[in-house]
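# Chain and residue survey
The primary structure of each chain is shown beneath.
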Amino acid sequence: MRALRKVAAGAGLEWTTVEEPGCGAWDVKVRVLRAGICGTDLHILAWDASAEAMCDSVPFTPGHEFYGEVVEVGEEVSDVRVGDRISGEGHVVCGMCRNCRAGRRQMCIRTRSVGVQRDGAFAEYVTVPHQNVWVHEHDGGEELISPELGAVFDPLGNAVHTALKFPVVGEDVLITGAGPIGQMAAAVARHAGARYITITDVSPERLAMAEGCGADLVLDVASMKVRDAQRSLGMREGFDVGLEISGQARALQELIENMNHGGKIALLGLPSQQFEIDWTMVVTRMLTLQGIYGREMFETWNAMSAMLSTSETLRAAITRTITDVLPATEWEHGFEIAKAGTAGKVVLDWSMLDG
């Protein structure tokens, strides 16, 4: 099969041919139809310090945001069948640590990630444990979840986990970072009943894309202050809920400065370096800071499917964050678009390869 591989410890990826993966007794083999490009994949391409820290063996196949069709199931698998259209949860857990046995699988201390520590979905086929499969529709159905939408369930899960970590009904929400996940988070917060939603960034392109994502105000913090947003919305107090998605120091610092007393902040963005925050303000305003990583397994998946199945508006808002769908053979161009940081989600189409 054709695959996009990290063949050596160094910059670059290679379009190559490898053997198809097998399918163990508890596994599911998937024909990949679409695969999204993630920031993690950019790190792997560059082979920077983050990639070296994450990836413990080379060679391997990257890619963890994917949608496909089940072509084989292991002999012990009873809850997935051939022909199912599925997305995959990329965190493969041990099942035996304290958190796993308590049902907190997203906190497994021995997590192995698809496309990072094991072969992933930048290939014609990928094999994953059956419990990591999320079935959308049977018998090749695409009536509700399109292949492109199915390919972004991983980042959508990050957005849903972040946006719904704290109650947002009737609350004023500040989102820092207007990339695809920030836009998704705004759409989810709007669907969940937030009052005012403000989303910030410094990229004109991403701010333009964020128009219509569900936010009441899209703010360029290179020229305006968050406090100006509060005044323009008629807010008399600070924000109740903050969603930090940018990973930028100043974004979190300004978010803290504009929170109401007792406010709650969900932190998804990964900073590139350490930085100071005003801990006195955190303490005296009694703020809650909560780290977010991946998706709750599998409550977030239930929430995603439920919301998307009942809201055409939300489905449209999430779908519009996908700006580029390219043949897998044009992966280099796709990575260039993703690296530029001016587009939305970039998805590779693996269904059109020649035989």
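Structure report, in brief. Since we're looking at a predicted model, the values are computed, not measured.

## Notes on the packing of aromatic side chains
Counted by the stated rule, this structure contains 7 aromatic pairs. On the numbers, 6.1 Å between centres and 75° between planes, the contact of Phe 122 with Phe 335 is edge-to-face. Of this pair, Phe 122 sits in the loop between β7 (112-113) and β8 (125-129) while Phe 335 sits in helix α13 (residues 331-340), and the two are 213 residues apart along the sequence. With relative accessibility at 0%, the residue Phe 122 sits in the buried group. Accessibility expressed as a relative area gives 3% for Phe 335, which makes it buried.

## As for the sheet that holds strand β10 (residues 173-176)
Taken together, 6 strands build an open sheet; the order of strands is β12-β11-β10-β13-β14-β15 and the sheet is parallel. Two strands lie at the open edges of the sheet, namely β12 (217-220) and β15 (288-291), each paired on one side alone. Across this sheet, the average inter-strand angle for adjacent strands is 20°, counted without regard to direction. Pairing analysis gives 4 bridges linking β10 to strand β13 (residues 239-244), with the strands arranged parallel. The partner of Leu 174 across the bridge, within β13, is Gly 242. Contacting β10, β13 and β14 (259-267), helix α9 (residues 249-257) crosses the sheet at an angle of about 150° to β14.

## Here we look at helix α12 (residues 312-319)
Within the span of α12, buried status applies to Leu 314, Arg 315, Ala 317 and Ile 318. Projection of α12 onto a plane perpendicular to its axis shows the buried side chains occupying an angular sector of 165°, all on one side. α12 presents Glu 312 and Thr 313 as exposed residues on the side facing more than 90 degrees away from its buried surface. At its buried positions, α12 is contacted by α4 (147-151), α5 (153-163), α6 (180-191), α11 (299-310) and β16 (322-327).

## Quick word on the pairing of β14
Where β13 lies against β14, 5 bridges are found, and the strand directions are parallel. Residue Leu 243 lies in a different strand from β14, and its bridge partner there is Ala 266. Strand direction decides the pairing type here: β14 and β15, joined by 4 bridges, are parallel. Within β15, the position partnered with Ile 265 by the bridge is Leu 289.

## Describing the pattern of salt bridges
The tally for this structure, following the rule as stated, stands at 18 salt bridges. When the shortest N-O distance is used, the salt bridge between Glu 69 and Arg 31 registers 3.3 Å. With Glu 69 in strand β4 (residues 65-73) and Arg 31 in strand β3 (residues 27-36), this residue pair connects regions lying 38 residues apart in the sequence. Judged by its relative accessible area of 19%, Glu 69 falls in the buried class. Look at Arg 31 and you get partly exposed, because its relative accessible area is 27%. Taking the shortest distance from any N to any O, the salt bridge between Asp 139 and Arg 81 comes out at 3.5 Å. One end of the pair, Asp 139, is in the loop between β9 (133-137) and α4; the other, Arg 81, is in the loop between β4 and β5 (85-88), with 58 residues separating them in the sequence. The exposure class assigned to Asp 139 is exposed, which follows from its relative accessible area of 62%.

## Description of α11
An ideal rise of 1.5 Å per residue puts 16 Å on 12 residues; α11 measures up with 17 Å between its terminal C-alpha atoms. Every buried residue of α11 is accounted for by Thr 300, Trp 301, Met 304, Met 307 and Leu 308. Down the axis of α11, the buried set is contained in an arc of 140°. They therefore lie on one face. Away from its buried face by more than 90 degrees, α11 exposes Glu 299 and Thr 310.

## Digging into unusual backbone geometry
Omega for the peptide link from Val 58 to Pro 59 comes to 10°, which places this bond in the cis form. When you line up the elements, Pro 59 lands in the loop between α2 (49-54) and β4. A cis amide bond, omega 10°, links Met 297 with the succeeding residue Phe 298.

## Points about the packing of α11 against α12
If you want to describe how two helices pack, look at the angle between their axes and the distance between the axes. Running from amino to carboxyl end, α11 crosses α12 at an angle of 110°, the nearest separation of the two axes being 5 Å. Classified by the interaxial angle, the pair formed by α11 and α12 is roughly perpendicular. Residues Met 307, Leu 308, Ser 309 and Thr 310 of α11 lie in contact with α12, whose contacting residues are Glu 312, Leu 314, Arg 315 and Ile 318. The residue inventory of the contact of α11 with α12, partitioned by class, reads 4 nonpolar, 2 polar and 2 charged.

## Quick word on the packing of helix α1 (residues 39-46) against α13
Running from amino to carboxyl end, α1 crosses α13 at an angle of 115°, the nearest separation of the two axes being 10 Å. When the axes of α1 and α13 are compared, the pair comes out roughly perpendicular. In this structure, α1 meets α13 at a crossing whose hand is left-handed. Residues Asp 41, Leu 42 and Leu 45 of α1 pack against Trp 331, Phe 335, Ala 338 and Lys 339 of α13. Each residue belonging to the contact of α1 with α13 can be placed in one class, and the counts come to 5 nonpolar, no polar and 2 charged.

## As for the nonpolar core
One broad trend across soluble globular proteins is that nonpolar side chains are buried collectively. Leu 156, Val 173, Ile 175, Ile 197, Leu 243 and Ile 318 are the most contacted members of the largest nonpolar core, which has 52 residues in total. With 7 residues, the single largest contributor to this core is α6. Once residues lying within four places of it in the same chain are set aside, the contact partners of Leu 243 are Thr 162, Ala 163, Val 173, Leu 174, Ile 175, Thr 176, Ala 185, Leu 255 and Ala 266. Listed in part, the 36 residues of the second largest apolar core include Val 28, Phe 66, Val 126 and Ile 337.

Procedures and definitions
- Residues numbered from 1 in each chain as written.
- Predicted model: local features only at pLDDT ≥ 70, side-chain atom pairs only at ≥ 80, totals over all residues.
- Heavy atoms only, no water.
- Phe/Tyr/Trp six-rings, centres within 6.5 Å; stacked < 30°, edge-to-face > 60°.
- Helix = DSSP H or I, 4+ residues; strand = E, 2+ residues; numbered from the N terminus.
- Buried < 20%, exposed > 50% of the residue type's maximum accessible area, 1.4 Å probe, protein only.
- Pairing = 2+ DSSP bridges.
- Axes fitted to C-alpha atoms, helices over the stretch in contact; angles between N-to-C directions.
- Contact = heavy atoms within 4.5 Å.
- Arc of directions from axis to C-beta.
- Salt bridge = Lys/Arg side-chain N within 4 Å of Asp/Glu carboxyl O.
- Expected span 1.5 Å × (residues − 1).
- Parallel < 35°, antiparallel > 145°, perpendicular 65-115°, else oblique.
- Nonpolar A, V, L, I, M, F, W, Y, C, P; charged D, E, K, R; others polar.
- Left-handed = near helix turned anticlockwise from the far one by under 90°.
- Core = buried A, V, L, I, M, F, W, Y, C linked by side-chain atoms within 4.5 Å.

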